[in-house]
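Listed here are the chains, written in short residue letters.
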Amino acid sequence: SLKRLSRIDLIVRDGEKGARREFSQRFLTYHVDERSGKVTVALNTRLAEALVGHHVRVNLDERSSLETDAAQIAHAWLSAWIRPGRSSRIELDNLIVKVWGDGEVSSSTNRKRRERLRSALDEIRTLRGWTIIEDDRAVLQISRPDLIEA
């Protein structure tokens, strides 16, 4: 799948005739280290910026060590939202929307999602360098580690 995706070209055209600009880039690139089994995937920088507003680095070793879907989704979203080495604050209920999407749900479903998200955050807390502190108003202070070089 990575080979097929790496062969996709993105072609961008901007402007009108006479002043048109055009460039192309690959959809993604990847590197496989056969000795360690580590796979590194890089999404096209312009595409990443269009999707989330900046370059995103998600540590796939961290992500794959998480057991639940909620933890993996939360980790990916937090990795896109918080730059390496930085921290930020978010309300628990706002993070629930990022993991499960927006929409009307019953109060019992919302309670269950809070419970699952807190368990997911406990999983993320076990990752090296991540800190997550919840205050009495259900506001999370989340710190992400600096990039860890191989």
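Description of the structure in this document.

Quick notes on the rules
- Residues numbered from 1 in each chain as written.
- Predicted model: local features only at pLDDT ≥ 70, side-chain atom pairs only at ≥ 80, totals over all residues.
- Heavy atoms only, no water.
- Pairing = 2+ DSSP bridges.
- Helix = DSSP H or I, 4+ residues; strand = E, 2+ residues; numbered from the N terminus.
- Axes fitted to C-alpha atoms, helices over the stretch in contact; angles between N-to-C directions.
- Core = buried A, V, L, I, M, F, W, Y, C linked by side-chain atoms within 4.5 Å.
- Buried < 20%, exposed > 50% of the residue type's maximum accessible area, 1.4 Å probe, protein only.
- Contact = heavy atoms within 4.5 Å.
- Expected span 1.5 Å × (residues − 1).
- Parallel < 35°, antiparallel > 145°, perpendicular 65-115°, else oblique.
- Nonpolar A, V, L, I, M, F, W, Y, C, P; charged D, E, K, R; others polar.

### Thoughts on the sheet that holds strand β6 (residues 131-134)
Point 1. Strand order in the open sheet formed by three strands is β5-β7-β6, with antiparallel pairing between adjacent strands. Both outer strands of the open sheet, β5 (87-91) and β6, are each paired with one neighbouring strand and no more. Along the sheet, successive strands turn relative to each other by an average axial angle of 20°, direction set aside.
Point 2. In this sheet, strand β7 (residues 139-143) lies alongside β5 in antiparallel orientation, the contact comprising five bridges. Its bridge partner lying in β7, Ser87 is registered against Ser143.

### Observations regarding the nonpolar core
Point 1. In terms of nonpolar packing, the biggest core is built from 20 residues, with Leu78, Leu95, Leu117, Leu121, Ile124, Leu140 and Ile142 touching the most fellow members.
Point 2. When residues no more than four places from it in sequence are discounted, the contact partners of Leu140 are Ser88, Arg89, Ile90, Leu92, Leu95, Leu121, Ile132, Ile133 and Glu134.

### Examining helix α4 (residues 69-81)
Point 1. For α4, built from 13 residues, the straight-helix expectation of 18 Å at 1.5 Å per residue is met to within 8% by its first-to-last C-alpha distance of 18 Å.
Point 2. Among all positions in α4, only Ala70, Ala71, Gln72, Ala74, His75, Leu78, Ser79 and Ala80 are buried.
Point 3. Against α3 (60-65), α5 (92-100), α6 (107-125) and β7 lie the buried residues of α4.

### Let's talk about the packing of α5 against α6
Point 1. Two elements in contact, α5 and α6, have axes separated by 10 Å at closest approach and are oriented at 90°. Taken as axis vectors, α5 and α6 run roughly perpendicular relative to one another. Only Asn110, Arg113, Arg114, Arg116, Leu117, Arg118 and Leu121 of α6 make contact with α5, whose side of the interface consists of Leu92, Asp93, Leu95, Ile96, Val99 and Trp100.
Point 2. Broken down by class, the residue content of the contact of α5 with α6 amounts to seven nonpolar, one polar and five charged.

### Some points on the side chain of His75
Point 1. The topology assignment puts His75 in helix α4.
Point 2. For His75, the residues in contact, after removing those within four places along its chain, are Val58, Asn59, Glu62, Arg63, Leu66, Ile124, Leu127 and Trp130.

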